[in-house]
Each structure stands twice: as structure tokens, then as C-alpha cells.
Amino acid sequence: MGLPKGAWVKEGGYETAGEGIVIGFIDTGIDPTHPSFNGTDTSQRQYPIPNHFSGVCEVTPDFPSGSCNRKLVGARHFAESAITRGIFNSSEDYASPFDGDGHGTHTASIAAGNHGVSAVVSGHNFGSASGIAPRAHISVYKALYKSFGGFAADVVAAIDQAAQDGVDILSLSITPNRRPPGVATFFNPLDMAMLSAVKAGIFVVQAAGNTGPSPKSMSSFSPWIFTVGAATHDRVYSNSILLGNNVSIPGIGLALPTDEGKKYTMISALDALKNKSSVVDKDMYVGECQDYDSFDKDLVRGNLLICSYSIRFVLGLSTIKQALAVAKNLTAKGVVFYMDPYVLGFQINPTPMDMPGIIIPSSEDSKVLLKYYNSTLERNGTTKEIVRFGAVAAIAGGQNPNFSDRAPKIMYYSARGPDPEDSLFNDADILKPNLVAPGNSIWGAWSSAATESTEFEGENFAMMSGTSMAAPHVAGVAALIKQKFRKFSPSAIASALSTTSVLFDNKGEAIMAQRAYANPDQTLTPATPFDMGNGFVNATAALDPGLIFDTSFEDYMSFLCGINGSAPAVFNYTGKNCMLRNATISGSDLNLPSITVSRLNNTRSVQRLVTNIAGNETYNVGLIPPFDVLMKVSPTQFSIASGETKLLSVILTAKKNSSIASFGGIKLFGNAGHVVHIPVSVTVKIALKQ
């Protein structure tokens, strides 16, 4: 994210980054006792609660008086709809803002957690954690629950309350579980509640959803919402095991190493049973090392125990934590998990281990391990009993990160465009996602009562993956922008984030996107705007965008009224009468920092208004037309004074018939160093017959 030497420096250091800005989170609540949300300030700086914020903190037995402070300035919970349906379990779900899940605590800390909090997991300090805007204030609106998820009515009530309280930024790491029916996807209670928030001047960020990688898998639809997809970063915790035959096998696991320069005997769980035949008959999963009583302690003591990792771990029926506890009780030196061949291509997150250990995620590599192990066993010629375990190995350990990975890459699970306009799968002339941000293997604060991840249960920090983790990165950057430009509208913040984004990875090459769930890194192809929107978030450049594209609530209303048959839905949600509107516009006519045309019938002209928020500057226009499209922009050069607005006209013409999406871009190069990037996407092209 480049914060310590970039965006934070521009804001006067991390000590002031985000000061005076309130970020609202609609999620599973928060653990107020976590040091990431401690409101006492060691720097002796004033830390007043912003005057424009009027939120309150609920007081309940699990969220006592004093839970809020100058950092955590608001906390409520919303469960009326769930209670009405009779599925609210107050003992499990907490009838308070307290987080019994972990998700909400994690997302809040990513955006606005305190700076310099030690991330200690399984007794190991992984470093100092900080939110993107560590000085911003947090207000929590709990509308999601561990046992049942959430209901639209409760989420809408939470959005409305956040708007009433006066939050500046609203972050939602939630998406609907199905595509909204009706005349258009935009007409659903969530998107319409978010439109009201935007009308009130609040910048709304939403996770794209973890429904990728297929096209049109997007779960966040509307142009007034800033939709964020998930990408990797370059920090990787890699682990490996060196076998006695000098073969090294890569793996994962935030584990301790075995003693340097020493190899230990390996013993398979299936060969370490007290009574092999009766145990295997009784428990076919005994190889997963979940039951201490099944094993012969004398055989395991001081050795590396080999356990199988099956689909039961994915389903939560078996856990790494339990296998480690069993291994410790048996005084094993460490644990080696090999992949059951039926766990196809499942992505395993790095898992904390408080002893030497490794998970081998590849079934092919697992076969290499087992082949070596079996080839070194010595058996009695008559009884076939094992008389000697000959396999030895050393575990490298996986607690130290390396930063050599090519990044960012778009994660396979990150939901993709084009943006579906309706349930018939027609495409909207709106670019989704808007941007991508780090979302994979993200450290964040964890609730003391969290049960979402058995591997991090009882820990203060957890490593999670998903577009849920990407959205609060952008919410934090939005807080930094809002701190610098207090008068920015939500669309101006969106514009600053979008036009300054990064299009190349840390190796200077095009950002790549994973295209499949199984073995995703073998399916990489260059990312398009339907994978990454405008690109990867650039916090430093977003604080100095040069030009911005502004869009008003009235523009959104003209767009909604322009959808065929939308008048009743518009009236139902907003009370506005489309019949009284002089003109309507299409999605591609909205003044967005992107141009998206789902159907180019011969020729199309669109216009964009740019406003200069920097000093006087002269811009040259650079073009990369989409394939099979002729693109002209006028003017090709313009000078623009500070505060001035200029109109750009773009004419797109189909060169030949095609239904394959093609992508290009417009770049505005300022002589003071500003570069403004506008992606252009055209799907169906119908050329005029000659």
C-alpha cells in the first residue's frame, strides 16, 4: 500500500492519518477490548470525537459501559427481522454490538485499527499491525450474525442509522446471497439504502463478493457504490520439508522449524496405532490424528507424525488445532500433513502451529512424501510387521515472511464483471468492480470470542482472505482522501481512487488474474477491467488525483429513470416521479471515471466532465482503442485552470461485428505530473454494413 513513505507522510505521519473521519462498519460487530481499538493516546495529542458525528454506544451485559472510547465512537446492533423470524439465538449471537464471529473485528482493524499493535499468534510475534487510517474513528453497526448471516431489513436499518449518525465512510463486507429480481439489479433494498447514504454525502464501499472467477459473478451492482475486488500482495509465508533423500517439498503452515541441521524420523499415524486392525475398523479417519487414545506414545515420541488432511478439515469436522494437541500429548517433535487426493485444488490458508509442522497442499507432492516414507520402511520377512522407520526429514518452518512474490494478482474467488443489469443477464453500462485491493492472507484483529476460524480461536489476530478484507483497505484510503479534501463528494472520492490506480505489478508487467478455482496459478491471463475495474488501489496517488469526475444524486436518478419500466420501482424506493424528469441518461452517460458500453450499435458518443482540483495544468490525451473499435477524443490537448471544468467528448465506432468484450483506455497526461486513467470497455459491437 506504500503508506509509511507515501500517503501517511502526505497526511503528516501515521499519528494523524484519518483524524477527524468516522468510518462506519456494517458487519458482525466488534470486540471493544482489542488493543487495535484502544482509545487512550500515548502521544498526548488531542483526539476529539468529530462534532458532525452523533452516534451512540449501546450498553449491554456483553458490551458494558466504557466499551466505547475516542477510537470506537459508536456501536449498535440490529436484529429485529431475525427476532421476528424466531431464529435469533441471543446466547450464540450476542444481543449486543459484541462480535461473536470475528469478521467484523477483522474488517474494522484493516481500515482503522491503531498503529503499532503487536500481532502475536501462537506465541510468535508476526510484527506490528496498523489500519490504513489508524487515526480514524470507528462506528459499528452489527447486522450480521454467526449462526444465520443476516436479513436485508436489518442491514437497511443499520445503513439508515449510520447515515443518521453522520459517518463519513461506510464499509460493507457483505453482499446479497442471490441476484435481485425485478426490472434491474439496482432496485433492491440494500442498494437503495446505500443510495440514500450517498445522497447524505457518505462514501460507500462494498465487497465485490467471493463468487468468482466466472464472468457476471458480481454481487455489488450500482454506480453509486464503490465495489472492491480482491488481489494478492507480495508477502508470503512459505514453509518446506527436506526429506532424507534431499528432496525438498514446499508447503504452508505458520509453524516453528525443527532444530537446525537435524533430521527427525517420520512415522505415519496409521503405523503408530496401538491396535491397528480394531482402530481402523472403528475409525476410518484415524489418520487425521484427532484422537490421542488411538496412538502408541512410545512409537511417536520425539518423531514427526504424518497425518492426512482430508475434506473433513475443509468442512470443519477435523482441525489442525486438534491434530497439534494430539501430537503434543504424544510428545511428537512435529506434524506433517499430506493432502488426501480427494481434496481437489482447495486453497488452504496459512495456519498457525505452535510446534514444528507443515501442510503439503499438493496431492502430487503428497505422493512424493508417501513414496519416500514407504520405501524406507523395514519389515519382518515373516510377519510383515515394521521393524524400522527409515524416513527422516527436517521442517524449515513458516513464520518468517518473504517478499519475493509477483503481485498483485486478482484472486480466483474475486467476483467479476460485466455488471449484470437484471436477472436475464443483460449487461449494465457500468464498470464493476471499481477497483481491487489486498484481500488475500490479510492479518487483522480477532475477537476473543470468535469461532469463525477454529485455527485462530483464542488468538488476538487472524489471517483471513476474501473481498471482505479488500473493501476495508479502500475504506481506509477513502478516509485519508476525505481528511485531505473535506468537501469531496462520494463520487469525487471514487474518482480519486479510480483514476490514480495501478495497472502493473511489482515486476513492471501487466497485472494477472487467476481464472480457475483448482490450481489457480496455472490459469493466469492478463486482468481486464471486468476483473480489476480501474486497477489496483494506489493510496499515495489518490491523495493528488489532479482531475476528478463528479456525479450527483440527480444524475443517478436520471440514470434509474432511464431504465425501461423502472418508474414504479423508482417511486417505490425514492418517492421521485420519473414522469416529471425532462431527460434520462444511460449508464455510459453517467460522469464516471470509466466508459462501459455493453452494446455498441455502429457509433456512440459519450461525454465526460473533468474538474481540476490541483494547480493550472495542460493535459495531453493518449488513446488505446478497444479491439475492433475506432475511438476519438476531443480535445486532444487542453489547458485547465485550478477549479475549472472541461468537457471531453468520446466517439466510439464499431469496426466489425463481434460479441467478444474488448478493452482499451484513455490517459490524460498533465504537464505537472498528474496521470488520469479512464478504462474503456465495449462488449457487443455491431458495425454498419458498407
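Naming follows an unreviewed UniProt entry, where the protein appears as Subtilisin-like protease SBT2.2 isoform X2 of Camelina sativa. Looking at the Subcellular location (unreviewed entry) heading of the UniProt record, one finds this comment for the protein: "Secreted". One UniProt comment on the protein, placed under Sequence similarities (unreviewed entry), says "Belongs to the peptidase S8 family."

Scanning the protein from N- to C-terminus turns up 17 helices and 33 strands. For a compact globule of 690 residues, the expected C-alpha radius of gyration is about 26 Å, and the protein comes in at 27 Å, within 12% of that figure. Considering only C-alpha atoms, the protein reaches an extent of 95 × 70 × 50 Å along its principal axes. Every one of the 690 residues in the protein was classed for burial, and the buried ones make up 57%.

As a further point, take the nonpolar core. Ile481 and Leu497 are the most contacted members of the largest nonpolar core, which totals 66 residues. Here this core gets nine residues from one element, more than from any other, and that element is helix H12 (residues 467-484). Here isoleucine 481 is in contact with Glu11, Phe488, Ile493, Ala496, Leu497, Ala542 and Leu543, once residues within four sequence places are set aside. Core analysis: the next-biggest nonpolar cluster, separate from the first, contains 47 residues, Tyr264, Ala269, Val300 and Ile320 among them.

In total, this model carries three disulfides according to the counting rule given. The disulfide that involves cysteine 289 links it to cysteine 307, with 2.1 Å between the sulfurs. In this structure, the disulfide formed by cysteine 289 and cysteine 307 twists by about -100° around the S-S bond and is classed as left-handed. Of this pair, cysteine 289 sits in the loop between helix H7 (276-282) and helix H8 (297-300) while cysteine 307 sits in strand E13 (residues 304-309), and the two are 18 residues apart along the sequence. For the pair formed by cysteine 289 and cysteine 307, the shared burial category is buried. Across the disulfide, cysteine 561 is cross-linked to cysteine 578 (sulfur-sulfur distance 2.0 Å). When the S-S torsion is -80°, as for the bridge of cysteine 561 with cysteine 578, the disulfide is left-handed. Of the two residues, cysteine 561 sits in helix H16 (residues 553-561) while cysteine 578 sits in the loop between helix H17 (567-574) and strand E26 (595-601), which places them 17 residues apart along the sequence. Accessibility assignment for this pair places cysteine 561 and cysteine 578 in one class, buried. Taken in N- to C-terminal order, the disulfide-linked cysteines of the protein are connected 1-2, 3-4, 5-6.

What follows deals with the sheet that holds strand E27 (residues 603-612). If you trace the four strands from one edge of the open sheet to the other, you get E25-E27-E31-E29, paired in antiparallel fashion. Two strands bound the open sheet, and with one partner strand each, they are strand E25 (547-548) and strand E29 (629-634). Where E27 lies against strand E31 (residues 645-654), nine bridges are found, and the strand directions are antiparallel. Each bridged residue has a counterpart across the sheet, and for threonine 611 the counterpart in E31 is threonine 645.

Each strand in a sheet pairs with its neighbour through backbone hydrogen bonds, running either in the same direction (parallel) or in the opposite one (antiparallel). Pairing within the open sheet is mixed, and its eight strands lie in the order E10-E9-E18-E12-E13-E14-E15-E11. Only two strands of the sheet have a single partner each, and these edge strands are strand E10 (248-251) and strand E11 (254-256). Going from strand to strand, the sheet's axes swing by 45° on average, the running direction of each strand aside. Relative to strand E14 (residues 334-339), E13 is paired through six bridges, and the arrangement is parallel. Counted as the bridge partner of cysteine 307 is phenylalanine 337 from E14. Against the sheet, helix H10 (residues 320-329) engages E13, E14 and strand E15 (352-359), with an angle of about 105° to E15. Most of the contacts of helix H11 (residues 363-375) go to E14, to which it runs at about 120°, and overall it touches strand E9 (239-243), E10, strand E12 (264-268), E13, E14 and strand E18 (392-395).

The omega angle of the peptide bond from glycine 212 to proline 213 is 5°, so this bond is cis rather than trans. Cis geometry is found at the peptide bond from alanine 407 to proline 408, where omega equals 0°. As for its position among the elements, proline 408 is in the loop between E18 and strand E19 (409-410). Phi at serine 441 is positive, roughly 50°, even though this residue is not glycine. Residue placement: serine 441 occurs in the loop between strand E20 (435-438) and strand E21 (442-445). Taking the relative accessible area as the measure of exposure, serine 441 reaches 13% and is therefore buried. At asparagine 602, a position not held by glycine, the phi torsion is positive, near 70°. The residue asparagine 602 is located in the loop between E26 and E27 in this model.

Residues of H10 that are buried: Ile320, Ala323, Leu324, Val326 and Ala327. For H10, the arc enclosing every buried residue in end-on projection is 160°, short of the 170-degree limit, so these residues lie on one face. Buried positions along H10 lie against E13, helix H9 (311-315), E14 and E15. Of the residues flanking the end of H10, it is threonine 331, one or two places downstream, whose phi is positive at about 55°.

Scanning the model with the defined rule gives 21 aromatic pairs in all. Ring geometry for phenylalanine 203 versus phenylalanine 226: centroids 5.5 Å apart, planes at 45°, classification tilted. Of this pair, phenylalanine 203 sits in strand E7 (residues 203-207) while phenylalanine 226 sits in strand E8 (residues 226-231), placing them 23 residues apart in sequence. Accessibility expressed as a relative area gives 2% for phenylalanine 226, which makes it buried. In this arrangement the basic side chain of arginine 312 is found over the ring face of tyrosine 285, its NZ or CZ atom lying 3.9 Å from the centre.

Take the pattern of salt bridges next. All chains considered together, the criterion is met by 17 salt bridges. Notably, a salt bridge pairs glutamate 378 with arginine 388, separated by 3.0 Å at the nearest N-O pair. You can see glutamate 378 sitting in strand E16 (residues 377-379) and its partner arginine 388 sitting in strand E17 (residues 386-389), a full 10 residues away along the chain. Using a relative accessible area of 39% as the deciding quantity, one classes glutamate 378 as partly exposed.

Now for the pairing of E26. With five of seven residues buried, E26 lies mostly within the body of the structure. Examined bridge by bridge, E26 and strand E33 (residues 675-686) share six bridges and lie parallel to one another. Considered in E33, the bridge of arginine 599 is made with valine 684.

Once that is clear, we can look at a nonpolar patch on the surface. Taken together, the side chains of Ile311, Leu315 and Leu317 make up a nonpolar region of the molecular surface, amounting to roughly 310 Å² of accessible area. Among the structural elements, leucine 315 can be located in helix H9. Leucine 315 sits in the exposed class, given a relative accessible area of 58%.

Moving on: the side chain of threonine 60. Looking at the element boundaries, threonine 60 is found in the loop between strand E1 (22-27) and strand E2 (72-77). Taking the relative accessible area as the measure of exposure, threonine 60 reaches 16% and is therefore buried. Setting aside residues up to four positions removed in sequence, threonine 60 forms contacts with Ala95 and Ser96.

What counts and what doesn't
Residues numbered from 1 in each chain as written. Predicted model: local features only at pLDDT ≥ 70, side-chain atom pairs only at ≥ 80, totals over all residues. Heavy atoms only, no water. UniProt positions renumbered as here; feature names shortened; annotations may be inferred. Helix = DSSP H or I, 4+ residues; strand = E, 2+ residues; numbered from the N terminus. Rg over C-alpha atoms; globule rule 2.2 N^0.38 Å. Buried < 20%, exposed > 50% of the residue type's maximum accessible area, 1.4 Å probe, protein only. Core = buried A, V, L, I, M, F, W, Y, C linked by side-chain atoms within 4.5 Å. Contact = heavy atoms within 4.5 Å. Disulfide = S-S within 2.5 Å. Pairing = 2+ DSSP bridges. Axes fitted to C-alpha atoms, helices over the stretch in contact; angles between N-to-C directions. Arc of directions from axis to C-beta. Phe/Tyr/Trp six-rings, centres within 6.5 Å; stacked < 30°, edge-to-face > 60°. Lys NZ or Arg CZ within 6 Å of the ring centre and 35° of its normal. Salt bridge = Lys/Arg side-chain N within 4 Å of Asp/Glu carboxyl O. Patch = residues over 30% accessible without salt bridge, like charges linked within 9 Å, V, L, I, M, F, W, Y side chains within 5 Å. Areas by Shrake-Rupley, 256 points an atom, 1.4 Å probe, with all protein chains shown as cover.

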